[in-house]
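# Working through the structure, step by step
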Amino acid sequence: MKIFIDTANLEEIKQARDFGILDGVTTNPTLLAREGKPPLKQLEEICRIVDGPVSAEVIALQSDEMVKEARDLSKIADNIVIKIPLTLEGLKAVKILEGEGIKTNVTLCFSAMQALLVGKAGASYISPFVGRLDDISDDGMRLIEDIITIYDNYGFDTEIIVASIRHPMHVYWAAKLGADIATIPFKTISQLIKHPLTDIGIDRFLKDWQSLQDNLG
Ligand code: E4P
């Protein structure tokens, strides 16, 4: 499973890259607003740090405007992927952009039938939001399972990015179900590595080593 980081924060992206596990970045207008910097410059910086795909979202809602905005965004760097909202206008834009060789990531997916249409439209990526479904007492991971089954049934090439991840169990289920990608906030990436028995084990090894040194004089 590929791991993307879900942030527009340069420090977090650099740290995750240095962990050696980073395959790409997803941003959205909220994440860019959080950084408070000019968004195009920020995206340019992100693309300088990471070789893998970097998703940048369009703001337009009409397909012709989305396409125009996407063409401009794609000039930032070769690894820019255009995030398009999951609407009929969005699907039209996906068809045009993919036809021009501009990769798209269709975002704000909340149902398997939406995902079926995205697969048929030929998007490079789809982003189902598991956390936001869980937030309203639905089952985000069941949606991932459904999309994987449907895409396998018909051989769609669209890669599934598990998005809106809130905790390590979302990542566990994404990997177990065989999702292509999980886009994970920095805090959750850091939580994945932690286990209390690892910390206790290191502590015990260090103490035992020290007592051996002390006994040897
Ligand atoms: C990523 O592509 C999404 O925009 C992001 O994961 C949404 O996460 P949120 O539901 O925590 O805002």
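For the structure itself, consult the block above.
Below, the structure is looked at part by part. (Residues numbered from 1 in each chain as written. Predicted model: local features only at pLDDT ≥ 70, side-chain atom pairs only at ≥ 80, totals over all residues. Heavy atoms only, no water.)

### With respect to the site of the ligand
The line we're drawing: One heavy atom suffices: a residue is near a molecule or strand as soon as one of its heavy atoms comes within 4 Å of it. Two N or O atoms form a polar contact when they lie within 3.5 Å of each other; inside protein one atom must be a possible hydrogen donor and the other a possible acceptor, and for residues adjacent in sequence the pair counts only when both atoms belong to side chains. Accessible surface area values rest on a Shrake-Rupley calculation with a 1.4 Å probe, where residue burial reflects the displayed protein chains alone. Note on residue classes: Ala, Val, Leu, Ile, Met, Phe, Trp, Tyr, Cys and Pro are nonpolar, Asp, Glu, Lys and Arg are charged, and everything else, Gly too, is polar.
Near the ligand the following residues occur: Asp6, Thr26, Asn28, Lys83, Phe129, Arg132, Ala163, Ser164 and Arg166. In the model, an oxygen atom of the ligand is placed 2.7 Å from a nitrogen or oxygen of the Ser164 side chain. Between the ligand and Arg166, the relevant distance is 2.7 Å, taken from an oxygen atom to a side-chain nitrogen or oxygen of the residue. The fraction of the free accessible surface of the ligand (350 Å²) that becomes covered by protein chains is 84%. A breakdown of the residues in the shell around the ligand according to their chemical character gives two nonpolar, three polar and four charged.

### Topic: the sheet that holds strand β1 (residues 2-6)
Our working definition: When DSSP locates at least two bridges between a pair of strands, those strands are taken to pair. Strands here mean DSSP runs of E at least two residues long; helices mean DSSP runs of H or I at least four residues long; both are numbered from the N terminus. Under this scheme, a helix contributes an axis fitted over its contacting stretch, all axes are lines through C-alpha atoms, and angles between N-to-C directions fall in the 0 to 180 degree range. By the convention used here, residues are in contact when the closest approach between their heavy atoms is within 4.5 Å.
Sheet architecture is closed into a barrel: eight strands sit in the order β1-β2-β3-β4-β5-β6-β7-β8, paired in parallel fashion. Geometrically, the sheet is characterised by an average inter-axis angle of 30 degrees between neighbouring strands, direction not taken into account. Against the sheet, helix α6 (residues 112-121) touches β5 (104-109) and β6 (125-128), its axis set at about 165 degrees to β5.

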